[in-house]
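As a plain string of letters, each chain reads:
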Amino acid sequence: MMTESKLRTKEADELFEAILMLKDIEECYQFFTDICTAREIQSISQRLHVAKLLKIRKTYSVIEEETGASTATISRVNRSLNYGSGGYELVLDKLIEKDLKESKE
């Protein structure tokens, strides 16, 4: 699916190309610590965690308690899961599978 044209810019392409150049979590921490505020990283991380919990059918109250996310944030993430461009779907199944595998070890 093609992303919205207002988001697709030369600068955004360059950002995503830079992210794809990172080889491991340590490099991601180095890059994102420089390019984002701590709060921005926390917010993005929280939204991904909310998406994962929604995907495994946790309730809003459980998600709110576990993540500290507001119901507005949970609702926004849920809307993206249901009507977005499919970005969460690209990673959620893999992340959930990884979590299940690690919990069995």
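Residues numbered from 1 in each chain as written. Predicted model: local features only at pLDDT ≥ 70, side-chain atom pairs only at ≥ 80, totals over all residues. Heavy atoms only, no water.

**Some details on the overall build of the protein chain**
Worth spelling out the cut-off: Secondary structure is summarised from DSSP: a helix means a run of H or I of at least four residues, a strand means a run of E of at least two, and numbering begins at the N terminus for each. Only protein chains enter the area calculation, which uses a 1.4 Å probe; residues under 20% of their type maximum are buried, those over 50% are exposed, and those in between are partly exposed. Contacts are residue-level and defined by heavy atoms, with any inter-residue pair within 4.5 Å sufficient. Surface exposure here means Shrake-Rupley accessible area, sampled with a 1.4 Å probe, where a residue is shielded only by the protein chains that are shown. Positive charges come from Lys and Arg alone, negative charges from Asp and Glu alone, with His and the N- and C-terminal ends not counted. Charge coordinates come from a single atom per side chain, which is NZ of Lys, CZ of Arg, CG of Asp or CD of Glu.
The number of helices and strands found in the protein chain is 6 helices and 0 strands. Along the chain direction, N to C, the helices and strands of the protein chain fall in the order α-α-α-α-α-α. When the 105 residues of the protein chain are sorted by exposure, 18% land in the buried category. Considering only contacts within the protein chain whose residues lie at least 6 apart along the sequence, 42% involve residues at least 24 apart. Summing over all exposed atoms, the protein chain offers an accessible surface of approximately 8,400 Å²; the carbon and sulfur share of this is 55%. One way to put it: in the protein chain the 16 positive side-chain charges average out to a point 6 Å from where the 19 negative ones average out.

**A look at the layout of surface pockets**
Using the following cut-off: Space inside and on the surface of the protein is sampled on a 1 Å grid over the protein atoms alone, with a cavity defined as a set of points where a 1.4 Å probe fits but cannot get out and a pocket as an open set with protein on both sides within 12 Å along at least 5 of 7 lines; lining residues have an atom within 4 Å of a point. Grid points are joined across faces, edges and corners, and a volume is the space filled by probe spheres set on the points. Polarity classes work like this: nonpolar for Ala, Val, Leu, Ile, Met, Phe, Trp, Tyr, Cys and Pro, charged for Asp, Glu, Lys and Arg, and polar for all others, with Gly in that last group.
Space inside the largest pocket adds up to approximately 2,000 Å³. Around the largest pocket, the lining comprises 41 residues; the ones closest to its centre are Phe16, Ile19, Ile44, Leu48 and Val91. For the lining of the largest pocket, the elements supplying multiple residues, two or more each, are helix H1 (10-21), helix H2 (25-35), helix H3 (38-55), helix H5 (71-83) and helix H6 (87-104). Tallied by class, the residues present in the lining of the largest pocket amount to 20 nonpolar, 9 polar and 12 charged.

**A look at the nonpolar core**
Burial of nonpolar side chains together is a common tendency in soluble globular proteins. Rules: The nonpolar core is taken to be a set of buried Ala, Val, Leu, Ile, Met, Phe, Trp, Tyr and Cys residues, with the residues joined through side-chain atoms within 4.5 Å.
Counting residues in hydrophobic clusters, the biggest one holds 11 residues: Val50, Ala51, Leu53, Leu54, Ile63, Ala69, Ile74, Val77, Leu81, Tyr88 and Leu92. Among the elements that take part in this core, H3 stands out by supplying 4 residues, more than any other. Those residues in contact with leucine 53 that sit more than four places away from it in its chain are Lys58, Ile63, Glu66 and Thr67.

**Looking at the environment of lysine 52**
This is how it is decided: We define a polar contact as two N or O atoms separated by no more than 3.5 Å, with the added condition that, inside protein, one atom must be a possible hydrogen donor and the other a possible acceptor, whereas residues neighbouring each other in sequence contribute only through side-chain atom pairs.
Take lysine 52: it is sitting in helix H3. Here the alpha-carbon distance between lysine 52 and valine 91, two residues 39 residues apart in the chain, equals 9.4 Å. In contact with lysine 52, not counting residues within four places along its chain, are Leu92, Leu95, Ile96 and Asp99. Among the polar contacts listed, one links the side chain of lysine 52 to the side chain of aspartate 99, at a separation of 2.5 Å.

**Digging into the confidence of the model for the protein chain**
A low pLDDT score tells you not to read the predicted coordinates there in detail. The criterion, for reference: Every residue gets a pLDDT, meaning the predictor's confidence in that residue, from 0 to 100.
Taken over all residues, the pLDDT of the protein chain has a mean of 93, while the share at 70 or more is 96%. Averaged over each element, pLDDT in the protein chain is lowest for H6 (91) and highest for H2 (98).

**Details of the state of the cysteines**
The following threshold applies: Disulfides are defined in this document as cysteine sulfur pairs within 2.5 Å.
For the structure on display, the rule yields 0 disulfides. Between cysteine 28, a cysteine without a disulfide, and cysteine 36, which holds the nearest cysteine sulfur, the sulfur-to-sulfur distance is 11 Å. Classification of cysteine 28 as partly exposed rests on a relative accessible area of 27%. Overall, the relative accessible area of 17% leaves cysteine 36 in the buried class.

**Describing the environment of glycine 68**
Mapped onto the fold, glycine 68 is located in the loop between helix H4 (60-67) and H5. Between the C-alpha atoms of glycine 68 and glutamate 27, which are 41 residues apart in sequence, the distance is 27 Å. Setting aside its immediate chain neighbours within four residues, glycine 68 contacts Gln46 and Ile63.

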